[in-house]
Amino acid sequence: MAANNTTSMMSNLSTTTPFDISVYTCSHVGLLLPAISEYTWSKSVRIFLYLIGMLWCFLGVAILADVFMCSIEKITSKTAKVRVPDANESSGFRILRVKVWNNTVANLSLLALGTSAPEILLSCIEIIFNNFEAGELGPSTIVGSAAFNLLVISGICIVCIPDGEVRRVKSMKVFAVTSFCCIWAYVWLIIVLIVWTPNIVTIEEAVLTLLMFPALILVAYVADRGFCLKKKELEHEQPSMVGFKMHAEKGDEETQALDKDSDDEDNAEIMRLCKELGHDVKDEGLPPEEAAQMAARKMTMDQSHDHLWYRINATRTFGGRKKLIPRVLGTFQEIYDHIQTPEEERGDLAVTKKKDHSEGGTKAVVEFTAAETAVLESEKRVRIGIRRHGKVGIPCTVRIETLNGTAVAHEDYIPFDQEVKFAENEELRQVYIEIVDDNEWEPDEFFFVKLHVPKTDSGEEQHVSLGNMAITQVIIINDDEPGKLEFQKPSIIAQESGRKVRVPVVRTGGADGHVSVKWSTKDISAVSGADYEGSEGELKFDHGETIKTIDIVIHDSKKKERDESFQITLGDCDGGAVLGKITKTIVTIVIDEEFNGLVSRIMNLTKANMDALQIEESSYPAQFVEALNVNGGDLQGATVLDYIMHFMTFFWKVLFAFIPPCKYLGGWPTFLISLAVIGFMTAIIGDLAGIFGCLIDLPNSITAITFVALGTSMPDTFASKTAAINEKNADSSVGNINGSNSVNVFLGLGLPWTFAAIYHAVKTGGSFNVNAGSLGFSVVIYTACAVIAIGLLVLRRFTGVFGNAELGGPKIPKIICGIIFVCLWLFYIVMSSLQSKGVIKGF
């Protein structure tokens, strides 16, 4: 009977409530997703897949934003020819190329659209595909992204500045306008949603919101150009050329214009860097290709860049693509740090990278501690130091023997020929060689001490090698007289590549007491100040000291041929010393052809590297080569992270390589196509975020201000942090945030709201309803936090305890400020989430 009842119940259920595999948990949420039925999938698997899919799509949008930004760079870098009067030209004018786009206009229009495209398009797509009804995901993402940008990114930028350094906003007028608009944009939202027509957006309100976008651009442009200022306040600015670097057109005689000096300075700086690195190539074994990478990196880092440039570089990090900043290998980091140090702070700092005689630490290296040792005859013995490095954990043996020079064994010194043994981990040994003191005056004499590596008793070679100083010279100084002072040579050849010449002055015939001699330079064919740094001075010899040097700086004359001379003369002596025979020496400066050829090669490689750092690729093949290879094909500069990100984003990179290169039609096809693809990708992300939030029972408003806002803001975070550290001012880091947040509201909400309000008025005759609820509460909380944050930035600018700057300053105050900014963001997230969950009552 029970079996019959069960069968009957199942039969009735199957006839009255048929299963529909298209209806299941959260299947109704997305606009485009789910693409297939997920009826049989477990909830935990769906949550995991949607989370991974959302993160993967964020990477895709970041890479696509790179393409989009490159098109913006191409568009905004467009130049036009202008004629500038110049009485020095035969034609009476010069032709210059100047940017068509004003920097401020470009930043608040195309750049703001580029950085905020996902948020703006998400808001538009949500309304359009929802029958022009308001949704929560788009507006909440805009507010959440604004909160993260202003509070978290600003906090990071404040703290990341090196201790003791500061960054100030340079364009204070534009910053003031965008800061005011940033606050006003969200105050305006409160007025629209809560005060004027609660929960309804009229056509007037929507159109006014949209019109505030061009109004912001116009006011910021006026502030940037200073049209409302007095003339004397603008005297320091260049009329009609504010904010632009002018480029003369190459190949035209009339275009050698105002920018020629700037180009010459850039070339001169590259040449100076290449010459400096040429010495490391010649002396330290630095590969020329790596020297060119260093020069390109330093030139790139020394230039000022806008937020667009840093944003592109940040997105390329996410995709394992070629960076805009060349990478220096860790092996040569010490050399790069040396050229980074200002010349006035270097002093005698020298980077020494000697040959690795230990063969990677597999051998012990033994050598003398000094290449030359002087000893007074009266001391009767000389100490010779021997050191060991490399593999020191094994015992080893070396043989030391003396060789005659002008000093003769048994007459002037006692010969030495013995083995010296190093115990395990012993690094320093000393031996003593006896000197014969015969109490007779003799000229200074010398002999040599040499190292050998003996074989073991079994005839095998030890794991020992000799270092650079395997022979040392011992000078026996007669200390019975103060001596004679003279030049070592009557003439010296100085190569221009050496940057300075070291002229030795020797003390012979005695070394008793403290003596000195005056010296001075004199022009012959070389001119002091132009070819070399003429000077005069005094050399002081301590008791027992036998050699001193005069260092003369050699200038780079940039002459193709050079054979110029100057003279150095010794003058009055003091301390009982007298002048020797060679009291004058002539220094001849010659060109080092081999070195110049090396420098020329490094310079050509550097220019090629800098050309390769151009933002936009030139052709379809170049785009696919860059997409298919890790780090754009620069495998030597690739990191482990680059390889990981390359394989994670390989699909996106190849797919987006089909977008037309920026060189076509001024970048506009790239701009429009990439914008359309961003729109499609944003729709996918909106569905992924909505379904993910539904599956974990999280309201759309919370999902938007957390997951979606963070995902769309990550590239800006890395870009702003890098810009804050590398730039001399704060305009490219925090200065860009306020303008972007304003544009998000005026364009991201004004545009879809205008369409929706007009649609409802025309199609249905009704009104466009926007429930203030969570959105209104979130806007009020954010506005309060924004006022505090901007007020704190202003306070930092005008308060000495913070260093009178928006970013950086003393360590403790900047950390406190950073913590305050992050706490404001956490307060915003917590309060908005509690309201969305109904714990706190909203509007």
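Further remarks concern the overall build of the chain. Broken down by element type, the chain carries 21 helices and 24 strands. In the chain, which comprises 843 residues, the proportion classed as buried is 49%. For the chain, long-range pairs separated by at least 24 residues make up 75% of all intrachain contacts whose partners lie at least 6 apart in sequence. Just so you have it, the chain exposes about 40200 Å², and 58% of that area is on carbon and sulfur atoms.

This part takes up the sheet that holds strand β15 (residues 491-495). If you walk across this open sheet you meet the five strands as β15-β22-β20-β17-β18, and the pairing is mixed. Unpaired on one side and paired on the other, β15 and β18 (536-541) mark the two borders of the sheet. With strand direction ignored, the average angle separating the axes of adjacent strands in the sheet is 25°. The pairing of strand β20 (residues 563-574) with strand β22 (residues 584-590) spans seven bridges and is antiparallel. Paired with Ile568 across the bridge in β22 is Thr585.

By the definition in use, this model includes nine salt bridges. The closest approach of N and O atoms between Arg399 and Glu419, which form a salt bridge, is 3.4 Å. In this pair, Arg399 sits in strand β8 (residues 396-404) while Glu419 sits in strand β9 (residues 417-422), placing the two residues 20 residues apart along the sequence. Looking at Arg399, the relative accessible area reads 28%, which means it is partly exposed. Residue Glu419 is classed as partly exposed on the basis of its relative accessible area, which comes to 39%. Each of the salt bridges in this network shares a partner with another, and the network as a whole consists of Arg399, Asp417 and Glu419.

Attention now goes to helix α21 (residues 811-836). Along an α-helix, a turn takes 3.6 residues, which lines up residues three or four apart on a common side. In this model α21 runs 38 Å from its N-terminal to its C-terminal C-alpha over 26 residues, within 8% of the 38 Å that 1.5 Å per residue would give. Count one or two residues on from α21 and you reach Gly838, which has phi positive near 85°.

It is worth spelling out the confidence of the model for the chain at this point. Looking at the chain as a whole, its pLDDT mean stands at 78, while 82% of the residues score no less than 70. Of all secondary-structure elements in the chain, the lowest mean pLDDT belongs to helix α1 (residues 2-16), at 46, while α21 reaches the highest, 91. Note that residues 229-261 has pLDDT below 50 and, in this model, 45 contacts with residues that lie over four places away or in other chains.

So, on to unusual backbone geometry. In this chain, Leu33 is followed by Pro34 through a cis amide linkage whose omega measures 0°. Relative to the elements of secondary structure, Pro34 occurs in the loop between α1 and α2 (43-76). In this model, Leu665 sits at a positive phi of 50°, which is unusual for a non-glycine residue. The topology assignment puts Leu665 in the loop between α15 (650-656) and α16 (668-695). We note that Asn804 has phi near 55°; this positive angle belongs to a residue other than glycine. When you line up the elements, Asn804 lands in the loop between α20 (773-797) and β24 (807-808).

Our next topic: a nonpolar patch on the surface. A contiguous nonpolar patch, built from Ile36, Trp41, Val45, Phe48, Leu49, Ile52 and Leu55 and spanning about 640 Å² of accessible area, is present on the exposed surface. Position of Phe48 among the secondary structure elements: in helix α2.

To continue, consider the packing of helix α4 (residues 137-160) against helix α18 (residues 737-748). In contact at an axis separation of 10 Å, α4 and α18 are set at 175° when each is read in the N-to-C sense. Overall, the two elements α4 and α18 adopt an arrangement that is roughly antiparallel. Here α4 contributes Ile142, Ser145, Ala146, Asn149, Leu150, Ile153 and Ser154 to the contact with α18, which in turn contributes Ile737, Asn738, Asn741, Asn744, Val745 and Gly748. Broken down by class, the residue content of the contact of α4 with α18 amounts to six nonpolar, seven polar and no charged.

By the alternation rule, side chains of strand β11 (residues 445-452) split into Glu445, Phe447, Val449 and Leu451, which are all buried, and Phe446, Phe448, Lys450 and His452, of which none is buried. Here β11 pairs with strand β13 (residues 471-477) via six bridges, running antiparallel. For Glu445, the partnering residue across the bridge sits in β13 and is Ile476.

The strand order across the open sheet formed by five strands is β6-β13-β11-β8-β9, and the pairing between neighbours is mixed. The strands lining the two open edges of the sheet, one partner per strand, are β6 (372-376) and β9. Between one strand axis and the next, the sheet turns by 25° as a mean value, whatever way the strands run. Strand direction decides the pairing type here: β6 and β13, joined by five bridges, are parallel. What sits directly across from Val375, in β13, is Ile476.

Counted by the stated rule, this structure contains one disulfide. The disulfide partner of Cys26 is Cys694, and the S-S distance across this bridge is 2.0 Å. Disulfide Cys26 to Cys694: torsion about the S-S bond roughly -85°, handedness left-handed. Here Cys694 lies in helix α16 and Cys26 lies in the loop between α1 and α2, a separation of 668 residues in the sequence. Free of any disulfide, Cys160 has its nearest neighbouring cysteine sulfur in Cys157, separated by 5.3 Å.

Between two packed helices, the angle of one axis relative to the other and the distance separating the axes together describe the packing. Between α2 and α16, whose axes approach to 8 Å, the crossing angle comes to 160°. By the angle class used here, α2 and α16 are roughly antiparallel. The handedness of the crossing between α2 and α16 is left-handed. Broken down by class, the residue content of the contact of α2 with α16 amounts to 25 nonpolar, five polar and two charged.

With respect to the helices and strands, Ile128 occurs in helix α3 (residues 103-128). For Ile128, a relative accessible area of 40% corresponds to the partly exposed category. In this structure the C-alpha to C-alpha distance between Ile128 and Pro752, which are 624 residues apart in sequence, comes to 7.6 Å.

Another aspect to go through is the side chain of Arg388. Along the chain, Arg388 turns up in strand β7 (residues 381-390). Of the side chains with opposite charge, Glu426 comes closest to the buried, unpaired Arg388, at an N-O distance of 6.1 Å. Within the local environment of Arg388, its side chain forms a polar contact with the backbone oxygen of Val392, the two atoms lying 3.0 Å apart. Non-local contacts of Arg388, meaning those with residues more than four positions away in its chain, are made with Ala364, Val365, Val366, Ile394, Pro395, Cys396, Phe422, Ala423, Glu424, Asn425, Glu426 and Glu427.

Let us look at the nonpolar core. By size, the foremost hydrophobic cluster in this structure holds 123 residues, and its most contacted members are Leu151, Tyr186, Trp753, Tyr782 and Tyr828. Among all residues touching Tyr828, those that are not within four sequence positions of it are Val143, Gly144, Ala147, Ile705, Ser778, Ile781, Tyr782 and Cys785. Val375, Tyr413, Ile435 and Phe447 belong to the second largest nonpolar core, which has 25 residues in total.

Right, let's get into the packing of aromatic side chains. With the rule as written, the count across this model stands at 17 aromatic pairs. With a centroid separation of 5.9 Å and 40° between ring planes, the pair formed by Trp184 and Trp188 is classed as tilted. Residue Trp184 and its partner Trp188 are located together in helix α5 (residues 172-196), separated by four residues, close to a single helical turn. Here a set of aromatic residues connected by ring pairs shows up, and it is made of Trp56, Phe651, Trp652 and Phe656. For the cation-ring pair, Arg381 lies above Tyr432, with the distance from its terminal atom to the ring centre recorded as 4.0 Å.

Locating Ala676 in the fold gives a position in helix α16. Overall, the relative accessible area of 53% leaves Ala676 in the exposed class. In the structure, Ala676 is positioned 555 residues away from Leu121 in sequence and 9.4 Å away in space, judged by C-alpha atoms.

Cut-off values and rules
- Residues numbered from 1 in each chain as written.
- Predicted model: local features only at pLDDT ≥ 70, side-chain atom pairs only at ≥ 80, totals over all residues.
- Heavy atoms only, no water.
- Helix = DSSP H or I, 4+ residues; strand = E, 2+ residues; numbered from the N terminus.
- Buried < 20%, exposed > 50% of the residue type's maximum accessible area, 1.4 Å probe, protein only.
- Contact = heavy atoms within 4.5 Å.
- Areas by Shrake-Rupley, 256 points an atom, 1.4 Å probe, with all protein chains shown as cover.
- Pairing = 2+ DSSP bridges.
- Axes fitted to C-alpha atoms, helices over the stretch in contact; angles between N-to-C directions.
- Salt bridge = Lys/Arg side-chain N within 4 Å of Asp/Glu carboxyl O.
- Expected span 1.5 Å × (residues − 1).
- pLDDT = per-residue confidence, 0-100.
- Patch = residues over 30% accessible without salt bridge, like charges linked within 9 Å, V, L, I, M, F, W, Y side chains within 5 Å.
- Parallel < 35°, antiparallel > 145°, perpendicular 65-115°, else oblique.
- Nonpolar A, V, L, I, M, F, W, Y, C, P; charged D, E, K, R; others polar.
- Disulfide = S-S within 2.5 Å.
- Left-handed = near helix turned anticlockwise from the far one by under 90°.
- Lys, Arg positive; Asp, Glu negative; His and termini not counted.
- Polar contact = N/O pair within 3.5 Å; in protein donor to acceptor, adjacent residues only side chain to side chain.
- Core = buried A, V, L, I, M, F, W, Y, C linked by side-chain atoms within 4.5 Å.
- Phe/Tyr/Trp six-rings, centres within 6.5 Å; stacked < 30°, edge-to-face > 60°.
- Lys NZ or Arg CZ within 6 Å of the ring centre and 35° of its normal.

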